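The residues making up each chain are set out below.
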Amino acid sequence: MRTHTLFTRTAVLVAASLLGAAGCAGPESESGGDGAATAPRTVRPVAGCGADSWTDPAELAPDRKAARCDKGAPAAQPLAKRRKITVATGTLSAEYVAPLQVAVAKGEFAKEGLDVELKVLPTPDALPLLAKGDVDAQWAAPEAAVMNGINGGFDIKWVAGNFSPDPTSKSGLWVRLKDGESADHVEMAGRKLGTMIGKGSVIAYPMDTSLKKHGGGLDRISFQQLGSADVLTALQNGGVDSAWLLDPIWRKVDGDTKYAFLGGQPVGEPLGGLLFGPTLLNKDPDAGVAFLRAYIRTVNTYFAGDYKSDPAFVAELAKLMKTDEATLRSTPSMRMDWEIRKGTTDRLQEAYADSGVSKGTPVPESKAVDRAMYSEAVGHKL
């Protein structure tokens, strides 16, 4: 109960800080989930981005192929005047941030006339700055605090996805089996789960799904929030009897019959990516489209398939991420994916409600998601 209270109190405090800054935010964007960010914009065909550069947002099949253009596409369209763009991110060492780092290192943003700075800031600290325009974008996710902020008047939208896991990845919910239990039969109700991620994170959605398959649910377990280095240790020494293990930590228990993997992030459904504030949504949408064009081109050029099959590129990534190559190679390549699936924010908010960190009327997708900019970048008319 103490942990549940801590999560709830944290969510309330974050929401309060967001709402306090809402008065400083720009006017509410008029765009819908598939609408233009400002006035209707002209969308033209883009060389190298054909039918495969867009997938139906309602398609949720695990084997869905991520949208792709040709290598090097969409080509840069330099802005008439250079812009500086500040992007907040919670970390620079996680693999899902690598496309942004590669885009900076390879000059993809510079080709568009953008000077991009990646600034490490925790999500609660960055959100008010994004709403006020003090930072231009955030590499994060539509977490509970984000949705609460939008409900309070923040002009923030999720404008591009980041990744979904490889089908062979086992990053997710692991449990230490009791006598007589197996991966197909585990009773999760009443268990203690160790995680470095709180109930207000997007991970609440796949976590809730996995728990409910085994008699649990976010409202039927207790949480112990731990540091990244302590989650596995707590699972192994009995401090907790289940844990959410990230890449590549799950490798430490994979194959050990004392543990079972119960599920992770849905394959084919990104749960995070780019959030834009009022500057790129309304004041300077040309720069917003240019940013997305560079990001998408980076994915198509460097992350289109199994990028870890290239030893030279793995070495380059390891240097950018400040990690060792062996660690990077120990997990499969992520499926980098700039698109946003239909209904993801609805499913996320259901999990937030189940966990007690989000209350009030759910934010409709049209108020939280804008696919117009990435569709324009690949030449797709909505």
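Please refer to the structure higher up on the page.
Residues numbered from 1 in each chain as written. Predicted model: local features only at pLDDT ≥ 70, side-chain atom pairs only at ≥ 80, totals over all residues. Heavy atoms only, no water.

1. Re the state of the cysteines
Working definition of a disulfide: a covalent bond connecting the sulfur atoms of two cysteines. Inspection of every chain in the model, using the stated rule, returns one disulfide. A disulfide bridge connects Cys 49 with Cys 69, and the sulfur atoms are separated by 2.2 Å. Across the S-S bond linking Cys 49 and Cys 69, the dihedral sits near 110°, which makes this disulfide right-handed. Of this pair, Cys 49 sits in the loop between α1 (2-22) and β1 (83-89) while Cys 69 sits in the loop between α1 and β1; the two residues are 20 residues apart in sequence, bridging distant segments of the chain. (Disulfide = S-S within 2.5 Å. Helix = DSSP H or I, 4+ residues; strand = E, 2+ residues; numbered from the N terminus.)

2. Some points on helix α2 (residues 98-105)
Within α2, six of the eight residues are buried, which leaves the element mostly enclosed by the surrounding structure. Those residues of α2 lying buried are Ala 98, Pro 99, Leu 100, Gln 101, Val 102 and Ala 103. (Buried < 20%, exposed > 50% of the residue type's maximum accessible area, 1.4 Å probe, protein only.)

3. Concerning the pattern of salt bridges
Counted under the stated rule, the structure contains 23 salt bridges. Among the ionic pairs, Glu 95 bridges to Lys 308, the shortest N-O distance being 3.0 Å. A residue pair is termed long-range when its members are at least 10 positions apart, and Glu 95 in the loop between β1 and α2 and Lys 308 in the loop between α9 (285-302) and α10 (311-321) qualify at 213 residues. Note on Lys 308: relative accessible area 12%, which makes it buried. Taking the shortest distance from any N to any O, the salt bridge between Glu 339 and Arg 341 comes out at 3.1 Å. When its relative accessible area of 0% is taken as the criterion, Glu 339 is described as buried. Overall, the relative accessible area of 0% leaves Arg 341 in the buried class. Salt bridges sharing partners connect three or more residues here, namely Glu 108, Lys 111, Glu 112, Arg 293 and Arg 297. (Salt bridge = Lys/Arg side-chain N within 4 Å of Asp/Glu carboxyl O.)

4. Some words on the sheet that holds strand β3 (residues 137-140)
Read from one edge to the other, the open sheet built from five strands follows the order β2-β1-β3-β11-β4, with strand pairing classed as mixed. What marks the edges here is a single partner per strand, and that holds for β2 (114-120) and β4 (157-161). With direction set aside, neighbouring strand axes in the sheet form an average angle of 30°. As paired strands, β1 and β3 are joined by three bridges and run parallel to one another. Considered in β3, the bridge of Ala 88 is made with Gln 138. α2 contacts β1, β2 and β3 of the sheet and is inclined by roughly 140° relative to β2. (Pairing = 2+ DSSP bridges. Axes fitted to C-alpha atoms, helices over the stretch in contact; angles between N-to-C directions. Contact = heavy atoms within 4.5 Å.)

5. So, the environment of Ser 330
Mapped onto the fold, Ser 330 is located in the loop between α11 (325-329) and β12 (335-336). Taking the relative accessible area as the measure of exposure, Ser 330 reaches 23% and is therefore partly exposed. Put simply, Ser 330 and Pro 248 are 82 residues apart on the chain and 6.7 Å apart in space, counted from C-alpha to C-alpha. Setting aside anything within four residues of it in sequence, one finds Ser 330 in contact with Pro 248 and Arg 251.

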